[in-house]
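# Per-entry structural report
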Amino acid sequence: MMKIYRTQDKQLTRVDEIGEGCWVCLNNPDENEARLVASTLDIEPADLMAATDPEESARISLEDGYTLIIVDIPIQVPGSGEGIYSTIPLGIVLTQELIVTVCSVDTPVIGDFTACRVKGFSTRKKMRFVYQLLYRAASMYQQELRLIDRRRQAIEKNLSGDLKDSDLMELHGLESTLVYFATSLRANATVLDRLTRYKRLEQYPDDRELLDDVIVEIRQAIEMTSIYRDDIKGTRELFSSILDNRLNNAMKYLTSITLLMAVPTVISGLYGMNVQAEGMPFANSTAGFAIVLGLTLALCIFSAWVLHKKHML
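We now turn to the structure provided with this report. (Residues numbered from 1 in each chain as written. Predicted model: local features only at pLDDT ≥ 70, side-chain atom pairs only at ≥ 80, totals over all residues. Heavy atoms only, no water.)

## Things to note about the sheet that holds strand β6 (residues 85–95)
Note: strands within a sheet are paired through backbone hydrogen bonds, in either parallel or antiparallel orientation. Within the open sheet, the seven strands sit side by side as β2-β1-β3-β7-β6-β5-β4. Their pairing is mixed. Whereas interior strands pair on both sides, the edge strands pair on one side only; in this sheet they are β2 (11–15) and β4 (59–63). Neighbour-to-neighbour, the strand axes of this sheet turn through a mean angle of 25 degrees, independent of strand direction. When strand β3 (residues 22–27) meets strand β7 (residues 99–103), the two strands line up parallel, connected through five bridges. In the strand pairing of β7, L26 is matched with V102. Of the strands in this sheet, β1 (2–8), β3 and β7 are in contact with helix α1 (residues 31–41), which crosses β1 at around 45 degrees. (Pairing = 2+ DSSP bridges. Helix = DSSP H or I, 4+ residues; strand = E, 2+ residues; numbered from the N terminus. Axes fitted to C-alpha atoms, helices over the stretch in contact; angles between N-to-C directions. Contact = heavy atoms within 4.5 Å.)

Okay, here's the thing in C-alpha coordinates:
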(Lines give C-alpha, C1' and ligand atoms only; values in the text may rest on other atoms or scores of the structure.)
Protein backbone atom coordinates (compact mmCIF):
# COMPACT_ATOMS: atom_id res chain seq x y z
CA MET A 1 0.00 0.00 0.00
CA MET A 2 1.31 3.43 -0.93
CA LYS A 3 0.41 6.65 0.85
CA ILE A 4 1.77 10.11 0.13
CA TYR A 5 1.96 12.81 2.80
CA ARG A 6 3.06 16.43 2.89
CA THR A 7 3.39 18.91 5.75
CA GLN A 8 1.40 22.06 5.01
CA ASP A 9 0.94 24.85 7.56
CA LYS A 10 2.45 22.55 10.21
CA GLN A 11 -0.26 19.96 9.50
CA LEU A 12 0.34 16.55 7.97
CA THR A 13 -1.99 16.06 5.03
CA ARG A 14 -2.39 13.27 2.55
CA VAL A 15 -1.91 14.10 -1.12
CA ASP A 16 -2.44 12.20 -4.35
CA GLU A 17 0.73 12.96 -6.30
CA ILE A 18 4.43 12.67 -5.57
CA GLY A 19 6.10 16.05 -5.33
CA GLU A 20 8.83 18.04 -3.62
CA GLY A 21 8.71 17.93 0.16
CA CYS A 22 6.54 14.81 0.23
CA TRP A 23 6.83 11.63 2.24
CA VAL A 24 6.04 8.45 0.32
CA CYS A 25 5.06 5.71 2.76
CA LEU A 26 5.14 2.18 1.36
CA ASN A 27 3.74 -0.61 3.54
CA ASN A 28 4.25 -4.05 2.01
CA PRO A 29 4.29 -2.60 -1.52
CA ASP A 30 3.53 -4.70 -4.56
CA GLU A 31 5.62 -4.67 -7.72
CA ASN A 32 3.45 -2.08 -9.48
CA GLU A 33 3.76 0.43 -6.61
CA ALA A 34 7.50 -0.15 -6.33
CA ARG A 35 7.96 0.25 -10.08
CA LEU A 36 5.92 3.47 -10.10
CA VAL A 37 7.91 5.09 -7.29
CA ALA A 38 11.23 3.84 -8.68
CA SER A 39 10.56 5.22 -12.14
CA THR A 40 9.25 8.55 -10.81
CA LEU A 41 12.24 9.15 -8.53
CA ASP A 42 14.87 7.39 -10.65
CA ILE A 43 15.61 4.81 -7.95
CA GLU A 44 16.71 1.23 -8.46
CA PRO A 45 13.69 -1.03 -7.76
CA ALA A 46 15.97 -3.49 -5.97
CA ASP A 47 17.04 -0.79 -3.51
CA LEU A 48 13.45 0.24 -2.97
CA MET A 49 12.34 -3.34 -2.26
CA ALA A 50 15.38 -4.27 -0.16
CA ALA A 51 13.56 -3.52 3.07
CA THR A 52 10.85 -6.08 2.27
CA ASP A 53 13.44 -8.87 2.56
CA PRO A 54 13.39 -10.06 6.21
CA GLU A 55 17.03 -11.18 5.90
CA GLU A 56 18.29 -7.73 4.85
CA SER A 57 20.81 -6.31 7.31
CA ALA A 58 21.02 -2.72 8.53
CA ARG A 59 23.23 -0.58 6.31
CA ILE A 60 23.61 2.78 4.62
CA SER A 61 24.37 3.10 0.92
CA LEU A 62 25.20 6.28 -0.97
CA GLU A 63 23.87 5.95 -4.51
CA ASP A 64 23.82 8.32 -7.48
CA GLY A 65 21.09 10.84 -6.68
CA TYR A 66 19.74 9.19 -3.53
CA THR A 67 20.75 7.58 -0.26
CA LEU A 68 19.46 4.24 1.02
CA ILE A 69 19.27 3.67 4.77
CA ILE A 70 18.10 0.37 6.24
CA VAL A 71 17.63 -0.08 9.98
CA ASP A 72 16.11 -2.89 12.04
CA ILE A 73 12.96 -2.38 14.10
CA PRO A 74 11.28 -4.78 16.57
CA ILE A 75 8.13 -6.70 15.75
CA GLN A 76 6.22 -9.31 17.72
CA VAL A 77 6.38 -12.82 16.30
CA PRO A 78 2.88 -13.77 15.08
CA GLY A 79 1.23 -16.46 17.19
CA SER A 80 3.92 -16.34 19.88
CA GLY A 81 3.60 -15.58 23.57
CA GLU A 82 4.08 -12.27 25.29
CA GLY A 83 7.59 -10.88 25.05
CA ILE A 84 8.65 -12.94 22.00
CA TYR A 85 9.91 -10.59 19.29
CA SER A 86 12.02 -10.53 16.18
CA THR A 87 13.33 -7.71 14.02
CA ILE A 88 12.52 -6.62 10.47
CA PRO A 89 14.14 -4.05 8.16
CA LEU A 90 12.82 -0.53 7.70
CA GLY A 91 14.04 1.17 4.55
CA ILE A 92 14.51 4.93 4.20
CA VAL A 93 15.32 6.45 0.80
CA LEU A 94 16.46 10.08 0.77
CA THR A 95 16.49 12.15 -2.39
CA GLN A 96 17.04 15.85 -2.88
CA GLU A 97 13.28 16.43 -3.13
CA LEU A 98 11.59 13.97 -0.78
CA ILE A 99 11.80 10.94 1.49
CA VAL A 100 10.50 7.39 1.01
CA THR A 101 9.96 4.78 3.74
CA VAL A 102 9.50 1.10 2.98
CA CYS A 103 8.47 -1.64 5.39
CA SER A 104 6.88 -5.06 4.99
CA VAL A 105 4.35 -4.42 7.80
CA ASP A 106 2.39 -1.52 9.22
CA THR A 107 4.73 -0.83 12.12
CA PRO A 108 3.97 1.51 15.07
CA VAL A 109 7.23 3.31 14.29
CA ILE A 110 5.63 4.68 11.13
CA GLY A 111 2.16 4.83 12.67
CA ASP A 112 3.27 7.43 15.21
CA PHE A 113 4.10 9.82 12.36
CA THR A 114 0.93 9.23 10.33
CA ALA A 115 -1.11 9.75 13.52
CA CYS A 116 0.70 13.07 14.17
CA ARG A 117 2.04 11.93 17.56
CA VAL A 118 5.60 13.14 16.89
CA LYS A 119 6.34 16.70 17.92
CA GLY A 120 8.16 18.90 15.40
CA PHE A 121 7.71 16.47 12.52
CA SER A 122 7.87 17.89 9.01
CA THR A 123 8.16 16.04 5.72
CA ARG A 124 10.40 18.83 4.41
CA LYS A 125 13.09 18.30 7.04
CA LYS A 126 14.39 15.00 5.77
CA MET A 127 17.38 14.43 8.07
CA ARG A 128 15.34 15.35 11.12
CA PHE A 129 12.72 12.87 9.92
CA VAL A 130 15.41 10.17 9.76
CA TYR A 131 16.61 10.95 13.27
CA GLN A 132 13.04 10.97 14.55
CA LEU A 133 12.45 7.56 12.98
CA LEU A 134 15.59 6.19 14.64
CA TYR A 135 14.57 7.76 17.95
CA ARG A 136 11.13 6.14 17.80
CA ALA A 137 12.69 2.80 16.90
CA ALA A 138 15.15 3.02 19.83
CA SER A 139 12.29 3.96 22.18
CA MET A 140 10.30 1.00 20.91
CA TYR A 141 13.26 -1.30 21.60
CA GLN A 142 13.40 -0.04 25.19
CA GLN A 143 9.66 -0.48 25.64
CA GLU A 144 9.80 -4.08 24.45
CA LEU A 145 12.89 -4.76 26.55
CA ARG A 146 11.05 -3.68 29.69
CA LEU A 147 8.17 -5.98 28.72
CA ILE A 148 10.60 -8.86 28.25
CA ASP A 149 12.11 -8.27 31.70
CA ARG A 150 8.65 -8.16 33.32
CA ARG A 151 7.82 -11.48 31.65
CA ARG A 152 11.08 -12.96 32.94
CA GLN A 153 10.22 -11.84 36.45
CA ALA A 154 6.78 -13.47 36.14
CA ILE A 155 8.40 -16.76 35.09
CA GLU A 156 10.90 -16.50 37.92
CA LYS A 157 8.07 -16.31 40.46
CA ASN A 158 7.05 -19.85 39.44
CA LEU A 159 10.34 -21.25 40.74
CA SER A 160 8.75 -22.07 44.10
CA GLY A 161 5.89 -23.92 42.41
CA ASP A 162 5.67 -26.51 39.67
CA LEU A 163 8.20 -25.95 36.91
CA LYS A 164 6.68 -26.50 33.48
CA ASP A 165 8.31 -27.22 30.17
CA SER A 166 6.41 -24.26 28.75
CA ASP A 167 8.22 -21.94 31.19
CA LEU A 168 11.58 -23.19 29.99
CA MET A 169 10.55 -22.84 26.35
CA GLU A 170 9.28 -19.31 26.96
CA LEU A 171 12.51 -18.40 28.72
CA HIS A 172 14.43 -19.68 25.71
CA GLY A 173 12.21 -17.55 23.45
CA LEU A 174 12.94 -14.45 25.51
CA GLU A 175 16.66 -15.14 25.32
CA SER A 176 16.45 -15.58 21.54
CA THR A 177 14.61 -12.26 21.30
CA LEU A 178 17.41 -10.52 23.16
CA VAL A 179 19.95 -12.04 20.77
CA TYR A 180 18.04 -10.57 17.83
CA PHE A 181 17.76 -7.22 19.59
CA ALA A 182 21.47 -7.08 20.43
CA THR A 183 22.48 -7.84 16.82
CA SER A 184 20.03 -5.32 15.35
CA LEU A 185 20.89 -2.55 17.82
CA ARG A 186 24.61 -2.89 17.10
CA ALA A 187 23.89 -2.68 13.36
CA ASN A 188 21.68 0.38 13.91
CA ALA A 189 24.44 1.99 15.96
CA THR A 190 26.85 1.47 13.05
CA VAL A 191 24.39 3.13 10.66
CA LEU A 192 23.94 6.00 13.08
CA ASP A 193 27.68 6.43 13.37
CA ARG A 194 27.88 6.91 9.61
CA LEU A 195 25.00 9.37 9.72
CA THR A 196 26.99 11.60 12.08
CA ARG A 197 29.38 12.17 9.17
CA TYR A 198 26.62 12.52 6.58
CA LYS A 199 26.80 15.83 4.66
CA ARG A 200 24.80 15.25 1.51
CA LEU A 201 21.47 16.68 2.72
CA GLU A 202 20.74 19.80 4.68
CA GLN A 203 20.62 19.53 8.46
CA TYR A 204 18.92 22.06 10.71
CA PRO A 205 20.49 23.35 13.95
CA ASP A 206 18.13 21.26 16.09
CA ASP A 207 19.09 18.12 14.19
CA ARG A 208 22.40 17.76 16.02
CA GLU A 209 20.70 17.80 19.40
CA LEU A 210 18.18 15.24 18.20
CA LEU A 211 21.01 13.09 16.84
CA ASP A 212 22.69 13.14 20.26
CA ASP A 213 19.42 12.00 21.83
CA VAL A 214 19.18 9.12 19.34
CA ILE A 215 22.74 8.05 20.15
CA VAL A 216 21.95 8.05 23.87
CA GLU A 217 18.74 6.05 23.36
CA ILE A 218 20.43 3.40 21.22
CA ARG A 219 23.33 3.04 23.66
CA GLN A 220 20.88 2.70 26.52
CA ALA A 221 18.93 0.06 24.59
CA ILE A 222 22.16 -1.88 23.92
CA GLU A 223 23.07 -1.73 27.61
CA MET A 224 19.57 -2.84 28.64
CA THR A 225 19.78 -5.77 26.23
CA SER A 226 23.10 -6.87 27.73
CA ILE A 227 21.77 -6.61 31.30
CA TYR A 228 18.55 -8.49 30.55
CA ARG A 229 20.45 -11.23 28.72
CA ASP A 230 22.57 -11.75 31.83
CA ASP A 231 19.41 -11.80 33.96
CA ILE A 232 17.78 -14.44 31.76
CA LYS A 233 20.97 -16.49 31.73
CA GLY A 234 21.00 -16.38 35.53
CA THR A 235 17.32 -17.36 35.68
CA ARG A 236 17.92 -20.27 33.30
CA GLU A 237 20.85 -21.49 35.40
CA LEU A 238 18.69 -21.18 38.51
CA PHE A 239 16.03 -23.28 36.80
CA SER A 240 18.61 -25.97 36.07
CA SER A 241 19.94 -25.91 39.63
CA ILE A 242 16.44 -26.22 41.12
CA LEU A 243 15.55 -29.09 38.79
CA ASP A 244 18.80 -30.90 39.65
CA ASN A 245 18.20 -30.34 43.36
CA ARG A 246 14.64 -31.66 43.13
CA LEU A 247 15.88 -34.71 41.24
CA ASN A 248 18.53 -35.35 43.88
CA ASN A 249 15.95 -35.06 46.65
CA ALA A 250 13.63 -37.46 44.86
CA MET A 251 16.42 -39.99 44.39
CA LYS A 252 17.39 -39.59 48.05
CA TYR A 253 13.84 -40.26 49.25
CA LEU A 254 13.46 -43.23 46.92
CA THR A 255 16.74 -44.69 48.17
CA SER A 256 15.65 -44.24 51.79
CA ILE A 257 12.30 -45.93 51.14
CA THR A 258 14.10 -48.80 49.41
CA LEU A 259 16.31 -49.27 52.49
CA LEU A 260 13.27 -49.31 54.80
CA MET A 261 11.49 -51.88 52.62
CA ALA A 262 14.61 -54.07 52.63
CA VAL A 263 14.35 -54.72 56.40
CA PRO A 264 11.08 -56.70 56.40
CA THR A 265 12.02 -58.26 53.07
CA VAL A 266 15.25 -59.72 54.49
CA ILE A 267 13.59 -60.98 57.70
CA SER A 268 10.63 -62.57 55.90
CA GLY A 269 13.05 -64.10 53.39
CA LEU A 270 15.05 -65.76 56.17
CA TYR A 271 11.95 -67.19 57.82
CA GLY A 272 10.71 -68.44 54.51
CA MET A 273 13.78 -70.64 53.91
CA ASN A 274 13.46 -74.45 54.19
CA VAL A 275 15.33 -74.99 57.47
CA GLN A 276 14.52 -76.77 60.72
CA ALA A 277 12.09 -74.90 62.94
CA GLU A 278 14.33 -75.43 65.97
CA GLY A 279 16.96 -73.23 64.37
CA MET A 280 14.68 -70.22 63.88
CA PRO A 281 14.02 -67.85 66.80
CA PHE A 282 10.42 -67.90 68.07
CA ALA A 283 9.50 -70.57 65.52
CA ASN A 284 7.89 -72.83 68.14
CA SER A 285 6.21 -70.02 70.09
CA THR A 286 2.50 -69.40 69.69
CA ALA A 287 3.25 -65.65 69.71
CA GLY A 288 6.23 -66.03 67.39
CA PHE A 289 4.62 -64.23 64.45
CA ALA A 290 3.66 -61.24 66.58
CA ILE A 291 7.13 -61.09 68.13
CA VAL A 292 8.90 -61.22 64.75
CA LEU A 293 6.45 -58.64 63.36
CA GLY A 294 7.09 -56.33 66.33
CA LEU A 295 10.87 -56.69 66.01
CA THR A 296 10.61 -55.98 62.29
CA LEU A 297 8.52 -52.89 62.96
CA ALA A 298 11.01 -51.72 65.61
CA LEU A 299 13.92 -52.18 63.19
CA CYS A 300 12.03 -50.20 60.51
CA ILE A 301 11.31 -47.38 62.97
CA PHE A 302 14.95 -47.32 64.08
CA SER A 303 16.17 -47.27 60.46
CA ALA A 304 13.76 -44.45 59.63
CA TRP A 305 15.02 -42.46 62.64
CA VAL A 306 18.65 -42.91 61.53
CA LEU A 307 17.81 -41.83 57.96
CA HIS A 308 15.90 -38.82 59.29
CA LYS A 309 18.85 -37.75 61.42
CA LYS A 310 21.02 -37.90 58.32
CA HIS A 311 18.44 -35.78 56.41
CA MET A 312 17.70 -38.58 54.00
CA LEU A 313 14.05 -38.95 54.89
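## A few points about the side chain of E144
Of note, E144 is situated in helix α4 (residues 126–156). The side chain of E144 is buried and forms no salt bridge, while R150, the nearest opposite charge, is found at 7.5 Å. Non-local contacts of E144, meaning those with residues more than four positions away in its chain, are made with P74, Y85 and F181. (Buried < 20%, exposed > 50% of the residue type's maximum accessible area, 1.4 Å probe, protein only. Lys, Arg positive; Asp, Glu negative; His and termini not counted. Salt bridge = Lys/Arg side-chain N within 4 Å of Asp/Glu carboxyl O.)

## Structural notes on the pairing of β4
Relative to strand β5 (residues 66–76), β4 runs antiparallel, the two sharing five bridges. Bridge pairing in β5 links I60 to I69. Joining the antiparallel neighbours β4 and β5 is a turn of two residues, in which G65 adopts a positive phi near 95 degrees.

## Observations concerning the pattern of salt bridges
Any two side chains of opposite charge can pair, on the condition that their charged atoms come close. Inspection of every chain in the model, using the stated rule, returns eight salt bridges. Note that E56 and R59 form a salt bridge whose closest N and O atoms lie 2.7 Å from each other. Across the pair E170 and R151 runs a salt bridge whose closest N-O atoms are separated by 2.4 Å. Of this pair, E170 sits in helix α5 (residues 165–195) while R151 sits in helix α4; the two residues are 19 residues apart in sequence, bridging distant segments of the chain. Through salt bridges with shared partners, a single network forms among D112, R117 and R136.

## Here we look at the environment of D30
You can see D30 is positioned in the loop between β3 and α1. Its relative accessible area of 39% is what places D30 among the partly exposed residues. Linking D30 and M1, residues 29 residues apart in sequence, is a C-alpha distance of 7.4 Å. Reaching out from D30, the side chain makes a polar contact with the backbone nitrogen of N32 at a distance of 3.3 Å. (Polar contact = N/O pair within 3.5 Å; in protein donor to acceptor, adjacent residues only side chain to side chain.)

## Describing the pairing of β1
Direction of pairing for β1 relative to β3: antiparallel, over a ladder of five bridges. Note that in β3 the partner of R6 across the bridge is C22. Relative to β2, β1 is paired through five bridges, and the arrangement is antiparallel. The residue bridging Q8 from the neighbouring strand is Q11, located in β2.

## A few points about the nonpolar core
Membership of the largest hydrophobic core comes to 37 residues, with the highest contact counts inside it found for W23, I69, V130, L192 and L195. Taken together, the elements giving at least two residues each to this core come down to β3, β5, β6, β7, α3 (108–114), α4, α5 and α6 (205–271). Counting residues per element, this core draws most heavily on α4, which supplies nine residues. If we ignore the near neighbours within four places in the chain, the residues touching W23 are K3, I4, Y5, L12, I99, T101, I110, F113, T114, F121, T123 and F129. Among the nonpolar cores identified, the runner-up in size contains 20 residues, and I43, A51, V93 and L98 belong to it. (Core = buried A, V, L, I, M, F, W, Y, C linked by side-chain atoms within 4.5 Å.)

## Remarks on the packing of aromatic side chains
Inspection of the entire model under this criterion finds 10 aromatic pairs. For the ring pair W23 and F129, a centre distance of 5.0 Å and an interplane angle of 80 degrees mean the geometry is edge-to-face. On the criterion of sequence distance, the pair formed by W23 in strand β3 and F129 in helix α4 is long-range, its members being 106 residues apart. Three or more aromatic residues link up through ring pairs in this structure, and these residues are Y5, W23, F113, F121 and F129. A cation sits over an aromatic face here: K252 above Y253, 5.9 Å from the ring centre. (Phe/Tyr/Trp six-rings, centres within 6.5 Å; stacked < 30°, edge-to-face > 60°. Lys NZ or Arg CZ within 6 Å of the ring centre and 35° of its normal.)

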